[in-house]
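What follows is the residue order along each chain.
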Amino acid sequence: MIDQGPLLFLIAGEPSGDVLGARLMAALKRLTGGKVRFAGIGGERMAAEGLHTLVPQSELALFGVFELLPHLPNLMRRMDQTVAEIVRLKPDAVVGIDSPGFTVRVAKRVRKAAPAIPLIHYVAPTVWAWKPKRARKYAEIYDHLLVLLPFEPPYFEREGLPCTFVGHSVVESGAGHGDAARFRTAHGISPAKHILTVLPGSRRSEVNRLLPVFRDTVERLLPTHPGLVVVVPTVATVRDTVGPAVSNWPVPVIVVEGDEAKYDAFAASEVALAASGTVALELALSGLPAVIAYRLGRLTVALYRRLIKVKYVNLVNLMLNRMLVPELLQEDCRPDKLAAAVGRLLDDPAARRVQIEGVAEVAQWLGAGSQAPPSERAAHAVLGVVARGARPR
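A brief structural summary. (Residues numbered from 1 in each chain as written. Predicted model: local features only at pLDDT ≥ 70, side-chain atom pairs only at ≥ 80, totals over all residues. Heavy atoms only, no water.)

**What to know about helix α1 (residues 15–32)**
Okay, so step 1: An ideal rise of 1.5 Å per residue puts 26 Å on 18 residues; α1 measures up with 26 Å between its terminal C-alpha atoms.
Okay, so step 2: Burial of α1 is extensive: 14 of the 18 residues sit out of reach of the surface.
Okay, so step 3: In the segment just after α1, Gly-33 is the residue with positive phi, at about 65°. (Helix = DSSP H or I, 4+ residues; strand = E, 2+ residues; numbered from the N terminus. Expected span 1.5 Å × (residues − 1). Buried < 20%, exposed > 50% of the residue type's maximum accessible area, 1.4 Å probe, protein only.)

Below, the structure is given as structure tokens:
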């Protein structure tokens, strides 16, 4: 019988997880000489690496406690389907990638139904920010945890959960290698024009909540910044929402897809206005000064404010323990305040330089410059778990 290698069941519920999953798959194929098989849930990037997704990823890319409620019946059905498929396939390991609302629940049920299947989680819960007891719960469920930040392993290892720091996959993105001239030439933008990159998020709920605010922000900037060019990078999960939403903006908007176009836009831009999330790290690695904004539903925010124990939402600010990148959240996420913050960065080269210089050490903490890229470290750890099997319970 031909050895086809281990079968890995991967679950990535959001576009950011799709990126991690695709890079992990590519690294696993390199390390095994292609002798590895995949099943599970992912998006376009994982599909390009050979995954036939069990569930459309867009059905799982939801956020906010109360925003989830209308979708719960379908999510529960998809969870049942996923668990049944894992039990049927008996993979050599299951790798849940972030999206804890879905992946952790699936893992708990798999642990009960098929305890011999090794369970791995990729991206640690932010126990240093809220719900520290989750570290113990993860130790009860998982066989191994892959973390992105160097200070995270002790939180889980003291609970008995083996943990590997792999570094942040954003350092593999190419975010710092965009081509500004290529972008301006491709879109006919003269060197004299100022470009603002607007990033409203990768979930429909984010886009629907933030794009109207961002539109009004741009409108407020126009009297002092005539001729401003706006670029909106987007992803497959929200492209059909973003396109119509920006069609009535007071300036022409260039909508782009794909990493190359996005990073070229970053290189050509003076400033970005972005939803909070992984993209803030891409902006930091690109050296593009930014203003971070976010809004959630009132009930969700009221709950989170009782639980969250950190001062900032942007990981750059958290790691530096200071407000380097402006954050305008909830009631401060208003067009007048956003326009003032973005306008200051557009007009003040010194303010832009402070941000650019301030993120240099953060890049090192994220794993930039390491000998092995994060995806390769993660792949080695996954194959190690496969070789050892599940922990005795």
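Further notes follow.
**Some thoughts on the sheet that holds strand β7 (residues 195–199)**
Okay, so step 1: Spatial strand order, β9-β8-β7-β10-β11-β12: six strands in an open sheet with parallel pairing. Each edge of the open sheet is held by one strand with a lone partner, namely β9 (253–257) and β12 (327–329). Averaged over all pairs of adjacent strands, the angle between their axes in this sheet comes to 20°, without regard to strand direction.
Okay, so step 2: Relative to β12, strand β11 (residues 290–294) runs parallel, the two being bridged by three bridges. Bridge pairing links Ala-293 to Leu-328 in β12. (Pairing = 2+ DSSP bridges. Axes fitted to C-alpha atoms, helices over the stretch in contact; angles between N-to-C directions.)

**Overview of a positive patch on the surface**
Okay, so step 1: A surface patch of like charges, here positive, comprises Arg-105, Lys-108, Lys-112, Lys-131, Lys-133 and Lys-137.
Okay, so step 2: Sort the elements by how many residues they give to the positive patch and helix α5 (residues 100–113) lands first, with three residues.
Okay, so step 3: Note that Lys-112 resides in helix α5.
Okay, so step 4: The exposure class of Lys-112 is exposed, given its relative accessible area of 75%. (Patch = residues over 30% accessible without salt bridge, like charges linked within 9 Å, V, L, I, M, F, W, Y side chains within 5 Å. Areas by Shrake-Rupley, 256 points an atom, 1.4 Å probe, with all protein chains shown as cover. Salt bridge = Lys/Arg side-chain N within 4 Å of Asp/Glu carboxyl O. Lys, Arg positive; Asp, Glu negative; His and termini not counted. Charge placed at Lys NZ, Arg CZ, Asp CG, Glu CD.)

**So, the packing of helix α9 (residues 204–221) against helix α10 (residues 239–246)**
Okay, so step 1: Following both chains from N to C, one finds α9 and α10 inclined at 10°, their axes separated by 10 Å at the closest point. Our classification of the angle between α9 and α10 gives roughly parallel. The way α9 lies across α10 gives a crossing that is right-handed. Contacts between α9 and α10 involve Arg-204, Val-207, Asn-208 and Leu-211 from the first element and Thr-241, Val-242, Ala-245 and Val-246 from the second. (Parallel < 35°, antiparallel > 145°, perpendicular 65-115°, else oblique. Left-handed = near helix turned anticlockwise from the far one by under 90°. Contact = heavy atoms within 4.5 Å.)

**Quick word on helix α12 (residues 279–286)**
Okay, so step 1: Counted residue by residue, α12 has six buried out of eight residues, so it is predominantly covered.
Okay, so step 2: Buried within α12 we find Val-279, Ala-280, Leu-281, Glu-282, Leu-283 and Ala-284.
Okay, so step 3: Looking at the buried residues of α12, the elements they touch are β7, α11 (259–268), β10 (271–275), β11 and α14 (315–320).
Okay, so step 4: Looking one or two places after α12, you find Gly-287, whose phi comes out positive at around 75°.

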